Every structure is written in C-alpha cells, then in structure tokens.
Amino acid sequence: MLKEVMQDILISCGSVAKVVQSARVKSSYCKALPRMPREDCFLLLVALALKTVAGLENGLARTPPMGWMPFERFRCVTDCVKFPRDCISERLFMRTADLLVSEGYAAAGYEYLIIDDCWMEKERNRITNELMPDRERFPSGLSHLSAYVSQLLITILFSVLVSACQIHNKSLKFGLYHDVGARTCMHLGPGAKGFHAIDAKTFAKWNVDYVKLDGCYVQGIDLNKAYPAFGQALNKTGRPMVYSCSWPYYQNHPNFELIKKHCNLWRFADDIRDSIASVARIMLKYYRMQQNLTKHAGPGSWNDPDMLVLGNFHLSYDASRMQLALWAVLAAPLIMSNDLQTVRPEIRALLQNRAIIEVDQDPLGIPGQCVLISNSIQVWLRPVMPTNNIGLRSFAVAFANVGNHEECPLCPLTFTIVLQDLGFTNQMGYTVYDLFDSKHILGLFKPKDEFTVRINPSGVEFYKFKPEDIY
Ligand code: GLA
C-alpha cells in the first residue's frame, strides 16, 4: 500500500500547495497503515510529496507530448479578411481541434492543441495588467476556446459512438505560447518580463495545459533565472501545465542539468523549416550534441527538435518517413505543424502509424543515438520495450540515407552490417519487424548474421529488433 501511495503522490504533485493538498487527499491511505499514528502518516505523505518539488517532477509528459502547433505552417498571418483560412484565429484552432478528432489523430495520441505566437493584443489590459487575446481574431476569448478543445471529444463521441471502435476516452488539451522576455518573437505581444505571477495565473484561469515559453527580447535577463522563475509561477497556480522551454536554444553553453530540473521539454536547435535539408540539419545538431542531450532526457524531460512538418509542401513521401522515424528514435515530442484539412491520406497514415508512435512513446524513455555513419548512411538506434526473459531490451533501428553520396547522391543505396557490430549480442537472435509495415516480419537474425537494407534517397528503413527468450 505504501508503495502505491508513494507512486500516486510522485505522479500527482506539482507544487507545494498541490502536494499538501494531495497529501490531504491521500491521507485516507493512512487508514491502511494502522500501526502508524495518523499525524505521522500525514507528515510522511507531505515529506514524500515535497521531495518531488526540487526537480521538475510535475508528473507531466511522462512520454513525449503529442499534438499540433501552427507556427511552421501558418506563421504569423493576422489578416483574417484576406486570409480567412490561414490566419491565427479561433476559427483555425476550432477547425483543427475538430480535425484532430474526426481524422483519427486524437485517437492515435495527438492530444495537445497549442497556440503559438501572434495570439495576443499588442498591450496588456491597462487595469489588470493581464494578457489579452486579439479581440478580432479570438472574439470568444481563450477560456471559451480551451473549453471547446477539452469538451470536444465528449461531444463528438456522442455523435459517433455507434460507429466508433477506436475511442480515446480523454479530451484534447490546450496549450499557449508566451515569451520570457519583453515581447514575443514576432513582436506582436508583450512578454512575461515583470509579470510572471499574473501571466501564470491568467493561464491557469484559461485552463491552459501546456506552456511554450520562448526566449526573444531578453536583454538584461538571465535566462538561467528567468525560466526557473516562470516555472515556479506556473507551479504556484496549482494547475498542472507542461512546461516547454526554448531556453537552451538561446544559449551558447546551456546547462542541461539545470534546464532538466525546470522544464518538461526544451528546444535545442533552430526553427524547423519545411524541407529535408532543415530536418537533416537538426539531426546533425543532435548528433553533435548527443552525448549531452541523451544524458538528460527521460520521462518528464525531453529534447525538442521542433515540429513535425509532414503533410506540408516540401517533404517527399520518403523524407516524411525519415522525419517521423528519426523523431521517434530521438524520443521527440510529436507536435505537427500542418493543415490537417489538406494532409494527404498516405501522410496521415504515416502520422498515425501506431508502431512508430509506440517507439516514440516507449515507457523506458531512453532517447536514441546515431551509432554509425558510413558515407550517406546513418544508423540510429534506440533501446525500447519489450525485454526478453533475461531483461535484454529490444531496439528500434533507423537506417537513414541522407543522400549526399559522391557516386550517386540521389539513388537508393544498399547497406549491409553484421548485427554484432551494432552491439546485438543475444545468441538466440532477434525477430525483426518492419515498423512502417507492422504485418511484415523479416525473420530471425543472429548476432553473426548480415542484415542488408536498401534505402531510398532522403529516406529511411525502420525496424524493431526484438530479442528472443533464452532457454
Ligand atoms: C521562435 C520559436 C518558434 C516560434 C516563433 C514564433 O522563432 O523558435 O518555434 O514559436 O518564435 O514567433
């Protein structure tokens, strides 16, 4: 019982107020510990709970967050007269919320609908100092939008209950962009500088579940103090909010040990663009920093290589596979930025590929690394579940062809490796599954066997190697 109590508290606590409250609620557990006086038991619960406040153990983002954010696709379009479909407005978010559910994304796990920059009025409310959403583009207000988002599944479920076999029994969640500096990056709205407590409270009032805090216009601000301070302001509200920080991106020598204590996820590379070159650049940046980046990521704390750009204009089908597979290897948040109304069915199927999402969301939470580069081929490897009967882990392995091979930069390439050279030592071998085609099992491979793949240009092959039991 005590174990259950501890687990429960560790998972549900985010702030001092909340842990005390939580301990109070859980004090019913004390009845299950008859030999311990009630007061001592209650204090024990509070102490256990408080232990979690030191780092960012807010119980959130135990697996990388999944959702949708407009910035890469819709940028900062504010003219809703000329561009009614594309402007940053409540209409765009309601339409996207509907599509997240009706097109099956929510059921696949994409749950956060996050408003990026350009949602605010240029100035704060003169009397209360609160932030205000742009009156013309968000006429119903953000509480209304957040309620729409979180009620949506319930409403839709009633209408499709009969035909729906895949029902995800939770609502969508609502996220919001802000900036730790004087103004937001697009300069349209005021930043959080000097207003941490008010802004955190406003977000809690609007039932925000996820905050992306950018780092523009930070002259005179010490990011190593400002990001933790805003995180504490969020915690003080008592409302659990995933905390996404752009903090390391704005520093030459980020202190990931510190960042990890305060943020659920953090950007470490440039803004993604809708191109395979941009995807490859981010992969390269990760590769150069991978020792440091992988050390600090795990349940509750994730490296964020930025949004998924599948479904837009410039990624081929193969390049789309590549971004998705690599983001899953990195244990990256899967936050799409696209127009869900125009995503082609084959890209939608990729985005909803359950086997790949399962790799991304693997409960071990160990991010992968690039373990081998040979000309244009990169081999990326991530330990995942399940384990075999002696605890050897499975591996998700991505063979990427980044396509600058001298001989034929734009050709498919053949690559062969002996499995033990990848560190696969299980003598009983590994059953290999094609993660893009869950029905395709490639067979059983032993450590000394050669494994050969043929990889399209700017493409990837992605497999799961599951160790057989040892008898
Ligand atoms: C920065 C961030 C982007 C986006 C824009 C919005 O560039 O890195 O992800 O939020 O600001 O202005």
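Residues numbered from 1 in each chain as written. Predicted model: local features only at pLDDT ≥ 70, side-chain atom pairs only at ≥ 80, totals over all residues. Heavy atoms only, no water.

Draft legend 1. Structural view of the packing of helix α11 (residues 276-296) against helix α12 (residues 317-329). Two numbers describe how α11 lies on α12: the axes approach to 10 Å, and their chain directions differ by 25 degrees. Here α11 lies roughly parallel to α12, going by the angle between them. The way α11 lies across α12 gives a crossing that is left-handed. Residues Ile276, Val279, Ile282 and Met283 of α11 form the contact with α12, whose participating residues are Ala319, Met322, Gln323, Leu326 and Trp327. Looking at side-chain class alone, the contact of α11 with α12 contains eight nonpolar, one polar and no charged residues. (Axes fitted to C-alpha atoms, helices over the stretch in contact; angles between N-to-C directions. Helix = DSSP H or I, 4+ residues; strand = E, 2+ residues; numbered from the N terminus. Parallel < 35°, antiparallel > 145°, perpendicular 65-115°, else oblique. Left-handed = near helix turned anticlockwise from the far one by under 90°. Contact = heavy atoms within 4.5 Å. Nonpolar A, V, L, I, M, F, W, Y, C, P; charged D, E, K, R; others polar.)

Draft legend 2. Seen up close, the state of the cysteines. Tallied over the entire structure, the rule returns four disulfides. Residue Cys76 pairs covalently with Cys118 via a disulfide, S to S 1.9 Å. Because the torsion about its S-S bond is -115 degrees, the bridge between Cys76 and Cys118 counts as left-handed. One end of the pair, Cys76, is in the loop between α4 (71-74) and α5 (90-102); the other, Cys118, is in the loop between β2 (112-115) and α7 (142-160), and 42 residues separate them in sequence. Between the sulfur of Cys80 and that of Cys87 lies a disulfide, 2.0 Å long from S to S. Here the S-S torsion is close to 100 degrees, and the disulfide linking Cys80 with Cys87 is therefore right-handed. Using a relative accessible area of 0% as the deciding quantity, one classes Cys87 as buried. (Disulfide = S-S within 2.5 Å. Buried < 20%, exposed > 50% of the residue type's maximum accessible area, 1.4 Å probe, protein only.)

Draft legend 3. How the structure looks around the confidence of the model for the protein chain. Averaged over every residue, the pLDDT of the protein chain is 87; the share at 70 or more is 83%. Mean pLDDT in the protein chain bottoms out at helix α1 (residues 2-12), which sits at 35, and peaks at strand β8 (residues 334-336), which reaches 99. Long-range and interchain partners of residues 1-55, a stretch whose pLDDT sits below 50, account for 66 contacts in this model, where long-range means more than four residues apart. Of the regions scoring below 50 in pLDDT, residues 161-170 engages in 10 contacts with residues more than four places distant in sequence or in other chains. (pLDDT = per-residue confidence, 0-100.)

Draft legend 4. Here's a closer look at the pairing of strand β4 (residues 210-214). Of all the five residues making up β4, five are buried; the element is thus mostly covered by neighbouring parts of the structure. Burial along β4 is two-sided: the face carrying Tyr210, Lys212 and Asp214 and the face carrying Val211 and Leu213 are both buried. Both strand β3 (residues 173-179) and β4 contribute to a ladder of five bridges, which runs parallel. Paired with Leu176 across the strands is Val211, a residue of β4. (Pairing = 2+ DSSP bridges.)

Draft legend 5. Quick look at the sheet that holds strand β7 (residues 302-304). Judged by pairing direction, the sheet is parallel, and its eight strands sit side by side in the order β7-β6-β5-β4-β3-β2-β1-β8 without closing on themselves. The outermost strands of the open sheet, each flanked by one partner alone, are β7 and β8. Pairs of neighbouring strands in the sheet enclose a mean axial angle of 25 degrees, with direction left out of account.

Draft legend 6. Region of interest: helix α8 (residues 196-205). Buried residues of α8: His196, Asp199, Ala200, Thr202, Phe203 and Ala204, and no others. Its buried side turned inward, α8 meets β3, β4 and α9 (223-236). Once α8 ends, the next one or two residues include Asn207, with phi positive near 60 degrees.

Draft legend 7. Just the site of the ligand, in detail. The environment of the ligand is made up of Phe71, Asp116, Asp117, Tyr177, Cys185, Met186, Lys212, Asp214, Arg267, Asp271 and Met307. A distance of 2.8 Å separates an oxygen atom of the ligand from a polar atom in the side chain of Asp214. The separation between an oxygen atom of the ligand and a polar side-chain atom of Arg267 is 3.1 Å. About the coverage of the ligand: the protein hides 93% of its 310 Å² of free accessible area. A breakdown of the residues in the shell around the ligand according to their chemical character gives five nonpolar, no polar and six charged. (Near = heavy atom within 4 Å. Polar contact = N/O pair within 3.5 Å; in protein donor to acceptor, adjacent residues only side chain to side chain. Areas by Shrake-Rupley, 256 points an atom, 1.4 Å probe, with all protein chains shown as cover.)

Draft legend 8. Representation of α5. Along its 13 residues, α5 runs 18 Å from first to last C-alpha, staying within 8% of the 18 Å computed at 1.5 Å per residue. Counting buried residues along α5, 10 of its 13 residues qualify, which places the element largely inside the surrounding structure. Among the residues making up α5, those that are buried are Glu90, Leu92, Phe93, Met94, Arg95, Thr96, Ala97, Leu99, Leu100 and Val101. Two residues or fewer past α5, Gly104 is found with a positive phi of approximately 90 degrees. (Expected span 1.5 Å × (residues − 1).)

Draft legend 9. Summary view of the pattern of salt bridges. Using the criterion set out here, one finds 17 salt bridges in the structure. A salt bridge links Asp134 to Arg137; the nearest nitrogen and oxygen atoms lie 3.4 Å apart. Its relative accessible area of 16% is what places Asp134 among the buried residues. For Arg137, a relative accessible area of 6% puts it in the buried group. Of the charged contacts in the structure, one is a salt bridge between Arg321 and Glu461, with a shortest N-O distance of 3.4 Å. With a gap of 140 residues between them, Arg321 in helix α12 and Glu461 in strand β16 (residues 459-467) connect regions that are remote in the sequence. Here Glu461 falls in the buried class, since its relative accessible area comes to 14%. Sharing partners across several salt bridges, the network here consists of Arg85, Arg95 and Asp339. (Salt bridge = Lys/Arg side-chain N within 4 Å of Asp/Glu carboxyl O.)

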